[in-house]
Amino acid sequence: MHFQWYPGHMTKAKRMMQENIKLIDLVIELVDARIPMSSRNPDIDELGKNKARLILLNKSDLAEDRWNDAWAEFFKQKGYAVVKVNSKKGGGMKSIQNVIQEACKEKIERDRKRGILNRPVRAMVVGIPNVGKSTFINSLAGKACAKTGNKPGVTKGKQWIRLNKNVELLDTPGILWPKFEDQMVGQRLAFIGSIKDEILNIEELSAEMITFMREYYPGVLAEKYAITEEEDSYATLSEIARSRHCLVRGNELDTEKAAALFVDDFRNGRLGRITLEFPEQYC
């Protein structure tokens, strides 16, 4: 299966970010904790250089905690501030404000020396589709957020959100789109739902996921679906179909329905906490 993204959006997205980056003190980048590297846009480091950086390992409740810690250490070694969060349930959100101030302490100190007091930190929130950016912004801002409207120099349609007197967020929906050469990156993005299922072969995708599970999380599928894990991933998929009574007319197994069910179980954490890539793959 060949995974294709939307490279036509890249030029526009990069131009939008370049226009706004000069107004920004901090780039807050959301990644999916299950695939922290594959869910990063490779252009952000170049576009955001010379800015303070904060990486949020979002959906950390769906990834293994030991690997969350390992990834946090991996990024810290590279000079990023890192926080493990679960935007949907609010996990880790209370520490964000303090981490923002800490990440920008050099900028705040420079302002103070120049006599600029109480200017809020301006942060741009970036992240690929389905990584939880909107949920994060809504969770952090809460109902009390005051939208300060467009400001000079900001492309029309951008929205500044004042969190409090110390922090303003620039909400830029859909600003960044990843482009990948490595098909494994595409596969992992497909696993978590960042590529539309309609353009994927869901049975082939689930077979790849089953192969991964057999190698890194042996026994999980056997326990979850009360099946025998076969060497052949498609045979395992048939076992899942049989276990879940996924049938078509004539009592034939509906492996497509079983594949969709299995992928949905993974994405929603019903198979347990699973990490799909590991720091040593990038060292």
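Here's what I pulled together on the structure shown here. (Residues numbered from 1 in each chain as written. Predicted model: local features only at pLDDT ≥ 70, side-chain atom pairs only at ≥ 80, totals over all residues. Heavy atoms only, no water.)

1. Examining the overall build of the protein chain
Assigned secondary structure in the protein chain consists of 11 helices and nine strands. Considering only intrachain contacts with a sequence separation of at least 6, the fraction spanning at least 24 residues in the protein chain is 69%. Working note: accessible area of the protein chain is about 14300 Å², and carbon and sulfur atoms make up 48% of it. (Helix = DSSP H or I, 4+ residues; strand = E, 2+ residues; numbered from the N terminus. Contact = heavy atoms within 4.5 Å. Areas by Shrake-Rupley, 256 points an atom, 1.4 Å probe, with all protein chains shown as cover.)

2. Points about unusual backbone geometry
Across residues other than glycine, the phi torsion is negative in most instances, and most of the peptide bonds are trans. We note that Asn50 has phi near 70°; this positive angle belongs to a residue other than glycine. Residue placement: Asn50 occurs in the loop between helix H2 (44–47) and strand E2 (52–58). Positive phi, normally seen in glycine, also occurs at Ala226, with a value near 55°. Assignment of secondary structure puts Ala226 in the loop between helix H9 (220–225) and helix H10 (233–243).

3. Considering empty space enclosed by the protein
Any empty space left between atoms is shown by rolling a water-sized probe over those atoms. Counted according to the given criterion, the structure contains one cavity of 30 Å³ or more. Approximately 30 Å³ is the volume found for the largest cavity. As for the largest cavity, its lining consists of 10 residues, and the residues nearest its centre are Ser39, Asn41, Ile44, Gly127 and Ile128. A total of three residues in the lining of the largest cavity trace back to one element, the largest contributor, which is strand E1 (residues 26–32). Partitioned by chemical class, the residues of the lining of the largest cavity number five nonpolar, three polar and two charged. (1 Å grid on protein atoms, 1.4 Å probe; cavity = no way out; pocket = protein on both sides within 12 Å on 5 of 7 lines; lining within 4 Å. Points joined across faces, edges and corners; volume = space filled by probe spheres on them. Nonpolar A, V, L, I, M, F, W, Y, C, P; charged D, E, K, R; others polar.)

4. Things to note about helix H8 (residues 202–216)
The end-to-end C-alpha distance of H8, which contains 15 residues, comes to 21 Å, matching closely the 21 Å that a straight helix rising 1.5 Å per residue would cover. Buried residues along H8 sit in contact with helix H7 (183–192), H9, H10 and helix H11 (255–267). Near the N-terminus of H8, the side chain that reaches the backbone nitrogen of Glu203, with its oxygen 3.1 Å away, is that of Asn201. (Expected span 1.5 Å × (residues − 1). Polar contact = N/O pair within 3.5 Å; in protein donor to acceptor, adjacent residues only side chain to side chain.)

5. Looking at the packing of H7 against H8
Orientation of H7 relative to H8, taken along the N-to-C sense of each, is 100°, at an axis distance of 11 Å. Judged by the angle between their axes, H7 and H8 are roughly perpendicular. Counting all contacts with H7, which are made through Gln187, Ala190 and Phe191, the residues of H8 involved are Leu205, Glu208 and Met209. For the contact of H7 with H8, the residue count by class is four nonpolar, one polar and one charged. (Axes fitted to C-alpha atoms, helices over the stretch in contact; angles between N-to-C directions. Parallel < 35°, antiparallel > 145°, perpendicular 65-115°, else oblique.)

6. Focus: the nonpolar core
Counting 70 residues, the largest nonpolar core has Ile28, Phe136 and Leu169 as its most contacted members. By residue number, the principal contributor to this core is H8, which donates six residues. Residues within four places of Ile28 in sequence aside, it is in contact with Leu54, Leu56, Ile100, Ala123, Met124, Val125, Val126, Phe136 and Leu169. Counting residues in each nonpolar core, the second largest holds 11 residues, with Ile24, Ile44, Met124 and Val126 among its members. (Core = buried A, V, L, I, M, F, W, Y, C linked by side-chain atoms within 4.5 Å. Buried < 20%, exposed > 50% of the residue type's maximum accessible area, 1.4 Å probe, protein only.)

7. A word on the side chain of Ser38
Take Ser38: it is sitting in the loop between E1 and H2. Among the residues examined, Ser38 registers a relative accessible area of 2% and is labelled buried. Here Arg188 takes part through its side chain, which lies 3.2 Å from a polar atom of the side chain of Ser38. Apart from residues no more than four positions distant in its own chain, Ser38 is found in contact with Val185, Arg188, Leu189, Glu277 and Tyr282.

8. What to know about the environment of Ser60
Here Ser60 is to be found in the loop between E2 and helix H3 (65–77). A residue is classified by how much of its surface remains accessible, and Ser60, at 10% relative accessible area, is buried. C-alpha of Ser60 to C-alpha of Gly91: the two residues are 31 residues apart in sequence and 8.7 Å apart in space. Setting aside chain neighbours within four positions, we find Ser60 in contact with Ala33, Asn68, Lys84, Val85, Asn86 and Arg273.

9. Quick notes on the layout of surface pockets
As a volume, the largest pocket reaches approximately 360 Å³. What lines the largest pocket is a set of 15 residues, and nearest its centre among them are Lys59, Leu62, Lys88, Arg267 and Asn268. Residues of the lining of the largest pocket, tallied by class, amount to two nonpolar, seven polar and six charged. Taken together, 13 residues make up the lining of the second largest pocket; nearest its centre are Asp25, Asn50, Ala52, Lys107 and Arg110.

10. Regarding the packing of H7 against H11
For the pair H7 and H11, the least separation of the axes is 8 Å and the interaxial angle reads 90°. The orientation of H7 with respect to H11, classified from their angle, is roughly perpendicular. Contacts between H7 and H11 pair Ala190, Phe191 and Ile192 from the former with Val263, Phe266 and Arg267 from the latter. Its residues placed into classes, the contact of H7 with H11 shows five nonpolar, no polar and one charged.

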